[in-house]
Amino acid sequence: MLYAARFEQADPDLSQELLSALDQAIASSQQSDFLYSVRSQICTFATRDAQSAQRDAERALEINPHYLVGHLSAAVSRMLQGEFETAIEILDQSLALDTTDPLEPMRLWPLAISLYLTEDYTRASEVLDKSIQQVSGVWGLHKLRSLALGKLGDDEAADRCSTIAGRLRKQPAIVAFRPPLPQEFDDLVAELKPDSLLV
């Protein structure tokens with residue numbers, strides 16, 4: 001996830017090492033929703049193997065339908081395949097399960113991205129506003145909200161968001177990680193890219 005936060009490609013050798021270790025761990029602990037979710041996210045963010053990622057996420061949710069990280073894993077695996085409507089459904093379900101999760105912004109971010117890419121700019125802006133209320137100092141949240149407001153034609157509000165973003169350090173954050181998207185959306189990914197170093 002730290003690689004995703006820095007918008008960097010994970011080291012291939014490290015990714016394979018982690019996958020091999022997870023294969024062994026899952027073989028000895030086949031009812032671990034956590035292990036399946038972790039392997040799913042490595043497949044999404046590191047190896048970009050969407051089918052394997054989706055399969056593992058679905059297995060995690062079979063074991064524990066209320067596992068919030070499992071819902072996140074399932075959603076981002078669908079985003080990688082360009083299935084944004086499905087990702088929105090999964091994330092909406094997860095948000096309805098628990099409104100007290102301190103890591104909720106990690107699920108609000110991919111929800112906002114998916115809403116933006118399905119041209120629901122109003123709701124994308126609302127979701128980002130909710131996330132900003134919880135973690136106000138994250139550059140990426142303000143940047144994406146300015147883009148959404150600009151799409152709505154609200155130039156004044158978009159400029160305000162852009163001004164706020166301009167005052168913040170373009171620092172990576174796990175609540176505004178590199179969205180796992182098909183290559184056709186590389187321009188959006190580039191617009192949301194922070195500076196590379198985590199402090």
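Throughout, a residue's number is its position along its own chain's written sequence, starting from 1. At least 70 in pLDDT is required for a residue's local features to be given in this predicted model, at least 80 for side-chain atom pairs to be given and counted, and no such filter applies to totals for whole chains, interfaces and linings, which use all residues. Side-chain numbers here rest on the full set of heavy atoms in the structure, without hydrogens or water.

Peer 1: Before we move on, can you summarise the overall build of the protein chain with the specific residues and values?
Peer 2: Tallying secondary structure elements over the protein chain gives 11 helices and zero strands in all. Along the chain direction, N to C, the helices and strands of the protein chain fall in the order α-α-α-α-α-α-α-α-α-α-α. Reported as C-alpha extents along the three principal axes, the dimensions of the protein chain are approximately 55 × 35 × 30 Å. Sequence-distant contacts, at least 24 apart, represent 64% of the contacts inside the protein chain between residues at least 6 apart. Reported accessibility uses the Shrake-Rupley method at a 1.4 Å probe radius. Residues are deemed covered only where the shown protein chains occlude them. With the model as given, the accessible surface of the protein chain reaches about 9800 Å², and the carbon-plus-sulfur share is 48%. A run of H or I in DSSP becomes a helix once it reaches four residues, and a run of E becomes a strand once it reaches two; helices and strands are each numbered from the N terminus. Contact between two residues is taken to exist if any of their heavy atoms lie within 4.5 Å; hydrogens are not considered.

Peer 1: Lay out the nonpolar core in plain terms, naming residues and giving numbers.
Peer 2: Counting residues in each nonpolar core, the largest one holds 44 residues, and the members touching the most others are Trp109, Ile113, Tyr116, Leu117, Leu144, Leu181 and Leu192. Listed by contribution, the elements that provide at least two residues to this core are helix H4 (50-63), helix H5 (68-80), helix H6 (84-97), helix H7 (104-117), helix H8 (121-134), helix H9 (139-151) and helix H11 (186-191). If one sorts the elements of this core by residue count, H7 sits on top with nine residues. If you look at the next biggest cluster of nonpolar residues, it comprises 11 residues, including Ala10, Leu19, Leu22 and Cys43. Among buried residues, those of type Ala, Val, Leu, Ile, Met, Phe, Trp, Tyr and Cys that are joined through side-chain atoms within 4.5 Å constitute a nonpolar core. Think of it in three bands: with a 1.4 Å probe and only protein chains considered, a residue is buried below 20% of the maximum accessible area for its type, exposed above 50%, and partly exposed in between.

Peer 1: Describe the environment of Gln16, with residues and values.
Peer 2: For Gln16, the position within the fold is in helix H2 (residues 12-28). Residue classification places Gln16 among the partly exposed residues on the basis of a relative accessible area of 45%. For the pair Gln16 and Ile42, spaced 26 residues apart in the sequence, the C-alpha separation amounts to 9.3 Å.

Peer 1: Tell me about a negative patch on the surface, and name the residues and values.
Peer 2: Put simply, a patch holds well-exposed residues, over 30% relative accessible area, that have no salt bridge, with like charges counted together within 9 Å and Val, Leu, Ile, Met, Phe, Trp or Tyr side chains within 5 Å. By definition here, a salt bridge exists when the distance from a side-chain nitrogen of Lys or Arg to a carboxyl oxygen of Asp or Glu is within 4 Å. Positive residues here are Lys and Arg, negative ones are Asp and Glu, while His and the chain termini are left out of the count. The atoms used to mark charge sites are NZ of Lys, CZ of Arg, CG of Asp and CD of Glu. Taken together, the side chains of Glu85, Glu89, Asp120 and Glu126 make up a negatively charged region of the molecular surface. Position of Glu126 among the secondary structure elements: in helix H8.

Peer 1: How would you explain the environment of Cys161 if you had to name every residue and give the values?
Peer 2: Within the secondary structure layout, Cys161 lies in helix H10 (residues 155-167). Measuring from C-alpha to C-alpha, the distance between Cys161 and Leu149 comes to 8.7 Å, with 12 residues separating the pair along the chain. Residues in contact with Cys161, not counting those within four places in the same chain, are His142, Arg145, Ser146 and Leu149.

Peer 1: Can you explain the side chain of Asp101? Please cite residues and give values.
Peer 2: Within the secondary structure, Asp101 sits in the loop between H6 and H7. Judged by relative accessible area, Asp101 falls into the buried class, the value being 16%. Every residue in contact with Asp101, bar those within four places of it in the chain, is listed here: Leu68 and Arg107.

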